[in-house]
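Survey of secondary and tertiary structure
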Amino acid sequence: MSSQDEQIQQRKANLDALQALGVATYPNRFDRRDTVSALVDAHSAKSHDELEAERHESSTSGRILAMRSFGKANFLAISDGRSRIQVYIRQDSLPALDFDVFKTLDFGDWVGVEGRLFRTKTNELTIWASRLHFLAKCLLPLPEKFHGLTDVEIRYRQRYLDLAVNPESRRVFETRSKVVSAIREFMTARQYLEVETPMMQPIAGGALARPFTTHHNTLDMDLYLRIAPELYLKRLTVGGLERVFEINRNFRNEGISTQHNPEFTMMEFYQAYSDYQDLMIFTEELFSHVAHKATGGTEVIYGEQQISFAAPFARLSLREGAREAASRALGREVHLDELKVGDSAAAIATALGVEVLPGHGAGKIAASIFEARCEHRLIQPTFVYDFPTEISPLSKQRADDPDTVERFELYVAGFEVANAFSELNDPVEQRRRFEDQLKDRASGDLEAHQMDEDYIRALEYGLPPTAGEGVGIDRLVMVLTNSPSIRDVILFPLMRKRD
RNA sequence: GACCGGGUAGCUCAGUGGUAGAGCAGCGCACUUUUAAUGCGCGGGCCGCGGGUUCGAUCCCCGCCCCGGUCACCA
């Protein structure tokens with residue numbers, strides 16, 4: 001019998017022993033008065049003498065994460081997932097039945113404890129147990145207490161084990177929850193209406209990406225999991241909801257990496273009577289607020305870097321970023337004009353080893369150079385603005401330059417965490433842009449946008465001047481929790497099926 | 001998809017072409033304030049899976065599976 005099988009048998013035997021004692025093996029409820037965390041928070045500063053004077057009688061519960069036995073003196077450490085507290089068990093302080101129950105306990109079991117608080121000789125806050133209640137059995141051996149669980153495959157596939165034994169993991173997801181709460185609080189305080197739009201869409205629009213497909217049986221209709229909520233949210237602004245936001249999942253049928261999970265969470269919002277410049281200011285305020293609420297300040301450590309979310313953030317035009325990077329890599333001064341003409345831009349890209357596909361204009365080439373050579377260097381929050389029109393089918397052109405749109409992406413720690421633009425609200429121009437996308441699609445670009453006639457009809461009813469933005473929640477949480485992989489901030493990241 | 005690294009006890013990890021190792025966890029004994037408790041003793045392994053080479057493979061070779069990283073694609 002393997003070590004694991006052996007331990008399972010022993011734990012089952014202990015469960016049987018409980019039953020033989022007449023104790024409920026899976027009791028229906030336990031009325032706890034205090035969480036472990038509440039006890040620790042309320043009493044951790046109190047001295048031995050203060051505790052003796054108060055003789056606080058507690059009733060709490062948790063999972064056993066340590067057991068030390070000295071014959072008639074025994075110690076447990078129980079945890080509510082956030083804090084842990086020690087329990088002192090001595091035979092002459094408990095009813096005989098409770099001590100018999102104690103003898104059946106295994107590392108990982110759930111118990112309820114009643115008793116007064118005191119400090120041991122080594123000054124540890126401890127519950128002197130007067131009652132012990134069995135709550136639930138841990139039949140499988142838990143990872144060991146000292147090294148915890150470090151195998152990332154088990155941490156991702158069996159997140160419950162990770163959370164049970166790695167407090168750092170718990171903290172990451174608590175921070176994630178704070179981030180989402182802070183965003184909601186920030187948006188609703190500014191009169192944004194929180195909405196939910198379809199996750200299953202007949203046309204997967206609002207972004208350039210490959211969708212997942214699904215099917216509705218009764219309607220006999222193929223559907224896509226959404227790649228973005230964008231077109232639905234702007235329909236709401238057409239309807240007069242001037243400020244809307246949605247926090248929800250997007251699904252993109254693309255690669256997996258430290259920065260990409262097939263389903264990921266975005267906060268997307270639209271605001272009438274604003275443009276992309278207004279959103280830069282708004283974004284600075286939002287990120288400062290969220291960083292403060294989630295971490296207590298605006299300075300965070302990410303890997304080797306210290307990142308500041310204090311406003312203002314740096315601003316850099318995409319072409320200037322590409323120009324600087326090209327100059328640095330080629331060892332000569334590259335001029336902006338060279339990036340604005342297809343032939344010279346293509347020559348620079350080729351010299352840099354950046355692939356240029358037929359049909360790519362100067363704008364797309366400049367963007368490729370930026371992505372290959374510049375973006376990973378943007379550690380401090382940086383607004384990269386003025387994107388080429390050809391890669392921005394839903395953004396409004398600059399009044400002074402139709403090849404450039406009023407759009408920015410926010411980069412932090414070398415990757416994109418937000419994307420925003422002044423929304424294209426001219427239905428004729430929007431139709432022309434979709435038609436350009438259809439040509440790309442016809443030439444094999446699976447990520448090109450599809451035609452959405454109803455969206456154009458909505459624009460024909462009139463979208464006021466509006467700016468919109470999407471914020472990648474997972475990536476923001478990565479930066480705020482110093483997590484190197486997106487899988488560290490998603491409770492159940494997608495993994496290959498395993499037998 | 002390509003390349004690199006990894007998969008050995010429940011967990012964390014050593015290791016070798018010749019009977020498989022440690023610490024923790026587990027079991028037994030001792031111990032009435034311990035802190036990764038300690039001491040003594042014991043049990044626990046398809047060395048990811050399948051082929052091949054070999055007298056003999058956990059180790060060498062080939063294929064496959066899973067995980068991680070880099071690149072490609074993307075946010």
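Residues numbered from 1 in each chain as written. Chains lettered and ligands numbered in written order. Predicted model: local features only at pLDDT ≥ 70, side-chain atom pairs only at ≥ 80, totals over all residues. Heavy atoms only, no water.

On a plain count of helices and strands, chain A comes out with 16 helices and 19 strands. The C-alpha extent of chain A, read off along each of the three principal axes, is 90 × 55 × 50 Å. When the 499 residues of chain A are sorted by exposure, 50% land in the buried category. Put simply, of all contacts in chain A between residues at least 6 apart along the chain, 66% involve residues at least 24 apart. Mean positive and mean negative side-chain charge positions of chain A (60 and 75 charges, respectively) differ by 6 Å. (Helix = DSSP H or I, 4+ residues; strand = E, 2+ residues; numbered from the N terminus. Buried < 20%, exposed > 50% of the residue type's maximum accessible area, 1.4 Å probe, protein only. Contact = heavy atoms within 4.5 Å. Lys, Arg positive; Asp, Glu negative; His and termini not counted. Charge placed at Lys NZ, Arg CZ, Asp CG, Glu CD.)

The next subject is the protein's contact with RNA strand B. Around RNA strand B, 57 residues are found, and the nearest of them are Q86, T122, K145, H260 and E416. Looking at RNA strand B alone, sugar and phosphate atoms form 59% of those within 4 Å of the protein. Taking T120, its side chain carries an N or O atom lying 3.0 Å from a base oxygen of RNA strand B. In this structure, D151 approaches RNA strand B through a main-chain N or O atom, which is 2.8 Å from a phosphate oxygen. Elements supplying a minimum of two residues to the surface near RNA strand B: α1 (3-20), β1 (57-70), β2 (73-79), β3 (84-90), β5 (125-136) and α5 (152-157). (Near = heavy atom within 4 Å. Polar contact = N/O pair within 3.5 Å; in protein donor to acceptor, adjacent residues only side chain to side chain.)

Attention now goes to the confidence of the model for chain A. Should pLDDT be low for a region, the predicted coordinates there are not to be read in detail. When pLDDT is averaged along chain A, the result is 93; 100% of the residues meet or exceed 70. Across chain A, the secondary-structure element scoring lowest on mean pLDDT is helix α12 (residues 342-352), at 87, and the one scoring highest is strand β6 (residues 193-194), at 98. (pLDDT = per-residue confidence, 0-100.)

Through backbone hydrogen bonds, the strands of a sheet pair up, either in parallel or in antiparallel fashion. Read around the barrel, five strands follow the order β1-β2-β3-β5-β4 and close on themselves; strand pairing throughout is mixed. The sheet shows a mean angle of 55° between the axes of neighbouring strands, taken without regard to direction. Relative to the sheet, helix α4 (residues 96-103) contacts β2, β3 and β5, its axis offset from that of β5 by approximately 80°. (Pairing = 2+ DSSP bridges. Axes fitted to C-alpha atoms, helices over the stretch in contact; angles between N-to-C directions.)

Considering all chains together, one arrives at 17 aromatic pairs under this definition. Between the aromatic rings of F99 and F102, the centroid separation amounts to 5.5 Å while the plane-to-plane angle is 35°, which identifies the pairing as tilted. Of this pair, F99 and F102 both sit in helix α4, three residues apart, which is roughly one turn of that helix. Residue classification places F102 among the buried positions, given a relative accessible area of 9%. The ring of Y232 is capped by R235, whose NZ or CZ atom sits 4.7 Å from the centre of that ring. Against the face of F387 rests R407, its NZ or CZ located 4.4 Å from the ring centre. (Phe/Tyr/Trp six-rings, centres within 6.5 Å; stacked < 30°, edge-to-face > 60°. Lys NZ or Arg CZ within 6 Å of the ring centre and 35° of its normal.)

As a further point, take the pairing of strand β17 (residues 401-412). By the criterion of burial, β17 is predominantly enclosed, with nine of the 12 residues buried. Inspection of the sheet shows strand β16 (residues 397-398) paired to β17 by two bridges, in the antiparallel sense. Bridging from a neighbouring strand, R398 pairs with D401 of β17. Where β16 folds back on β17, the antiparallel hairpin that results is connected by two residues. Bridge count between β17 and strand β18 (residues 415-422): six bridges; the pairing is antiparallel. Along β18, the bridge assignment pairs L410 with A418.

As a further point, take the environment of Y160. For Y160, the location among the structural elements is in helix α6 (residues 159-165). Sequence separation between Y160 and F492 is 332 residues, and the spatial gap between their C-alpha atoms is 9.9 Å. A polar atom in the side chain of Y160 sits 3.0 Å from the side chain of Q158.

Core analysis: the largest hydrophobic core is formed by 48 residues, its most contacted members being I183, M187, M267, F287, I307, F309 and L480. At nine residues, helix α9 (residues 276-295) tops the list of elements feeding residues into this core. Those residues in contact with I307, other than ones at most four positions away along the chain, are T298, E299, V300, Y302, I379, Q380, P381, V412, A413 and V479. Counting residues in each nonpolar core, the second largest holds 26 residues, with L51, I85, I127 and F134 among its members. (Core = buried A, V, L, I, M, F, W, Y, C linked by side-chain atoms within 4.5 Å.)

With that settled, the discussion passes to the packing of helix α10 (residues 318-330) against helix α13 (residues 362-373). Packing of α10 against α13 leaves a shortest axis separation of 8 Å and a crossing angle of 60°. By the angle between their directions, the pair α10 and α13 is classed as oblique. In the packing of α10 onto α13, the handedness of the crossing is left-handed. Contacts from L318, R319, A322, A325, R328 and A329 in α10 reach G363, A366, A367, I369, F370 and R373 in α13. (Parallel < 35°, antiparallel > 145°, perpendicular 65-115°, else oblique. Left-handed = near helix turned anticlockwise from the far one by under 90°.)

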